[in-house]
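An overview of the molecular structure
Okay, here's what each chain looks like letter by letter:
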Amino acid sequence: MTRSRLWPVLLFLVVVAAVLAVAVGSASIPPARAVAALLGHGDPVERAILIELRLPRAILGLAVGAMLGVSGAALQGYLRNPLAEPSVLGASNGAALGAVVALYFGLADGHALALPALGIAGALGALALLFALSGGTESPLTLILAGIAVSTLAGAGISLALNLSPNPFAAMEIMTWLLGSLEDRSFRHVALALPCIAVGMLLLAGQGRALDALTLGEDGAAALGTDLSATKWRLLLAVAIGVGGAVAVSGAIGFVGLIVPHLIRPLTDRSPSALLWPSALAGAALLTFADVAVRVIPTTSELRLGVVTAFLGVPVFLLHLMRERRLW
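Below: a short report on this structure. Sequence positions are assigned chain by chain, starting from 1 and proceeding in written order. At least 70 in pLDDT is required for a residue's local features to be given in this predicted model, at least 80 for side-chain atom pairs to be given and counted, and no such filter applies to totals for whole chains, interfaces and linings, which use all residues. Note that the side-chain values use all heavy atoms of the structure and ignore hydrogens as well as water.

**With respect to the side chain of Ser-151**
- Starting at the N terminus, helices and strands are each numbered in turn, a helix being any DSSP run of H or I of at least four residues and a strand any DSSP run of E of at least two. As for its placement among the helices and strands, Ser-151 is situated in helix α7 (residues 140–163).
- Residue contacts are defined here by distance: any two heavy atoms, one from each residue, within 4.5 Å place the two residues in contact. Excluding its chain neighbours within four sequence positions, the residues that come into contact with Ser-151 are Ser-87, Gly-90 and Asn-93.

What follows is the structure, encoded as structure tokens:
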């Protein structure tokens, strides 16, 4: 595929994924009746299925996938590490820990938005701890080490909650959420996640030149006039707020932020600026297609989205790792 065709192909895939996300489900609705229902006509049950169940799920699939994809590309460029993804900085585990706290103490039963709200708070708390551990340095190695410490600490908190769960049902609820899913999401979840994702995207906008400059090293980037401190703050805030909001409503979904940049990189000039927004589109399409797959794969109960992305991600990542290891 030529680079000039990358954007049209990605946009086409996003549109196809969005259409399938609304059209495919356990209830078969013919296209003509689906269009009528979306326009506010037709059977009220079909309209409820499409608008209240499938549409918010499709919107979240696209938004969460886009945030995970672009944040993975940005972190790989900033840290100059092809294995970087949101979990490297502890944002994903921090959000997961916040959501687990809501489940463990029963706060999610009292209010539907308590779980995503605490998920976002957990991501911001992880960011605050990351800044405290890394100090004022802009060193990627220091940030990676601090992020590993934050992620490990959050993971230990999750394990503790599972270990001390008051009953097997609470542990099962926590485990189910940790596997990741967009099932039974509503427009309330959309209203909570989209502002966070939009803030994350806005903070990443315009960072392409700074990320390109960092390919020359910190001294080279500073010589070109790049404000390393401002770049770090924008990037880490974008990941914490955007990924925190995404993970808070979708659960823990891995590998999207890791493999999407590897899929897109060979189709660009390999500069971070050329990778950012194609990775957002590719992430949106990939996660939405995966969410469609969990609905159509015949199982006794619906597969969890995080399980499907893991099965997709590992072989794809290993394949591209073998092909690209000398080209990074």
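**Some words on helix α6 (residues 114–134)**
- Helix span, as expected, comes to 1.5 Å for every residue beyond the first. The first and last C-alpha atoms of α6 sit 30 Å apart over 21 residues, in line with the 30 Å expected at 1.5 Å per residue.
- Here the term buried applies to any residue with accessible area under 20% of the maximum for its type, exposed to any over 50%, and partly exposed to those in between, with areas from a 1.4 Å probe on protein chains only. Restricting attention to buried positions, one finds in α6 the residues Ala-114, Leu-115, Pro-116, Gly-119, Ile-120, Gly-122, Ala-123, Ala-126, Leu-127, Leu-130, Phe-131 and Ser-134.
- Buried residues along α6 sit in contact with α4 (91–104), α5 (107–110), α7, α8 (168–178), α9 (187–204) and α12 (228–250).
- Note on α6: the residue one or two positions beyond its end, Gly-135, has a positive phi of about 65°.

**Re empty space enclosed by the protein**
- Detection works on a 1 Å grid of protein atoms alone, calling trapped sets that fit a 1.4 Å probe cavities and calling open sets with protein on both sides within 12 Å along at least five of seven lines pockets, with lining residues defined by an atom within 4 Å of a point. Grid points are joined across faces, edges and corners, and a volume is the space filled by probe spheres set on the points. Evaluation of the coordinates by the stated rule reveals one cavity of 30 Å³ or more.
- If you add up the space inside the largest cavity, you get close to 40 Å³.
- Every residue lining the largest cavity is listed: Leu-89, Gly-90, Ala-91, Ala-123, Ala-126, Leu-127, Leu-130, Leu-236, Val-239 and Ala-240.
- Looking at the lining of the largest cavity, the element that brings in the most residues is α6, giving four residues.
- Each residue belonging to the lining of the largest cavity can be placed in one class, and the counts come to nine nonpolar, one polar and no charged. As a working rule, the residues Ala, Val, Leu, Ile, Met, Phe, Trp, Tyr, Cys and Pro are called nonpolar, Asp, Glu, Lys and Arg charged, and the rest polar, with Gly in that last group.

**Quick notes on a nonpolar patch on the surface**
- Here, patches come from residues exposed beyond 30% relative accessible area and free of salt bridges, joined within 9 Å for like charges and within 5 Å for nonpolar side chains (Val, Leu, Ile, Met, Phe, Trp, Tyr). Accessibility throughout is a Shrake-Rupley quantity obtained with a 1.4 Å probe, and a residue counts as covered only by protein chains that appear here. The working definition used for a salt bridge is a side-chain nitrogen of Lys or Arg within 4 Å of a carboxyl oxygen of Asp or Glu. On the surface, a cluster of nonpolar side chains totalling about 290 Å² of accessible area is made up of Trp-7, Leu-11 and Trp-277.
- For Leu-11, the location among the structural elements is in helix α1 (residues 6–23).
- By relative accessible area, which is 43% here, Leu-11 ends up partly exposed.

**Thoughts on the packing of α9 against α12**
- One way to put it is that α9 packs onto α12 with a least axis distance of 8 Å and a crossing angle of 160°. As far as their axial angle goes, α12 and α9 are roughly antiparallel. As for the relative orientation of α9 and α12, their crossing is left-handed in sense. From α9, His-189, Ala-193, Cys-196, Ile-197, Val-199, Gly-200, Leu-203 and Leu-204 reach across to α12, where they touch Arg-234, Leu-235, Leu-237, Ala-238, Ile-241, Gly-242, Gly-245, Ala-246 and Val-249.
- A breakdown of the residues in the contact of α9 with α12 according to their chemical character gives 12 nonpolar, four polar and one charged. Fitting a line to C-alpha atoms yields each axis, with helices limited to the stretch in contact; the angle taken between N-to-C directions then spans 0 to 180 degrees. We call two directions roughly parallel when the angle between them is under 35 degrees, roughly antiparallel when it is over 145, roughly perpendicular when it lies between 65 and 115, and oblique otherwise. Put simply, a crossing is left-handed when the front helix is turned counterclockwise from the back one by less than a right angle, and right-handed when it is turned clockwise.

**Observations concerning the nonpolar core**
- Ranked by size, the top nonpolar core spans 77 residues in total, and within it Trp-177 and Ile-197 carry the most contacts.
- Per-element accounting of this core gives the leading share, 12 residues, to helix α3 (residues 44–79).
- The criterion is simple. A nonpolar core is a set of buried Ala, Val, Leu, Ile, Met, Phe, Trp, Tyr and Cys residues joined through side-chain atoms within 4.5 Å. Within the second largest apolar cluster, 10 residues are counted, among which are Ala-21, Ala-37, Ala-58 and Val-292.

**Quick notes on the layout of surface pockets**
- Approximately 370 Å³ is the volume attributed to the largest pocket.
- Broken down by secondary-structure element, the contributors of at least two residues to the lining of the largest pocket are α5, α6, α8 and α12.
- Here the residues of the lining of the largest pocket sort into eight nonpolar, four polar and six charged.
- Here the second largest pocket defines a volume of roughly 310 Å³.
- Ser-26, Leu-53, Arg-54, Arg-57 and Glu-302 are the residues nearest the centre of the second largest pocket, which is lined by 17 residues in total.
- Elements with a contribution of two residues or more to the lining of the second largest pocket: α3 and α14 (272–296).
- Broken down by element, the residue count for the lining of the second largest pocket peaks at four residues, all from α3.
- Taken together, the residues of the lining of the second largest pocket sort by class into seven nonpolar, three polar and seven charged.

**A closer look at unusual backbone geometry**
- Unusually for a residue other than glycine, Asp-184 sits at a positive phi of about 60°.
- When you line up the elements, Asp-184 lands in the loop between α8 and α9.
- The exposure class assigned to Asp-184 is exposed, which follows from its relative accessible area of 64%.
- Even without being glycine, Arg-270 reaches a positive phi, approximately 70°.
- As for its placement among the helices and strands, Arg-270 is situated in the loop between α13 (256–264) and α14.
- The exposure class of Arg-270 is partly exposed, given its relative accessible area of 33%.

**Regarding the side chain of Arg-185**
- Tracing the backbone shows Arg-185 in the loop between α8 and α9.
- Here Arg-185 is buried and forms no salt bridge, its nearest opposite-charge partner Asp-184 lying at an N-O distance of 6.2 Å.
- Within 3.5 Å is the distance limit for a polar contact, defined as a pair of N or O atoms, with the added protein rule that one can donate a hydrogen and the other accept it, and that residues adjacent in sequence qualify only through two side-chain atoms. In terms of polar contacts, Arg-185 uses its side chain to reach the backbone carbonyl oxygen of Glu-183, at 2.6 Å.
- The residues contacting Arg-185, other than those within four sequence positions of it, are Glu-52, Leu-53, Pro-56, Leu-60, Val-249 and Ser-250. When charges are tallied, Lys and Arg are placed among the positive residues and Asp and Glu among the negative ones, while His and the ends of the chain are skipped.

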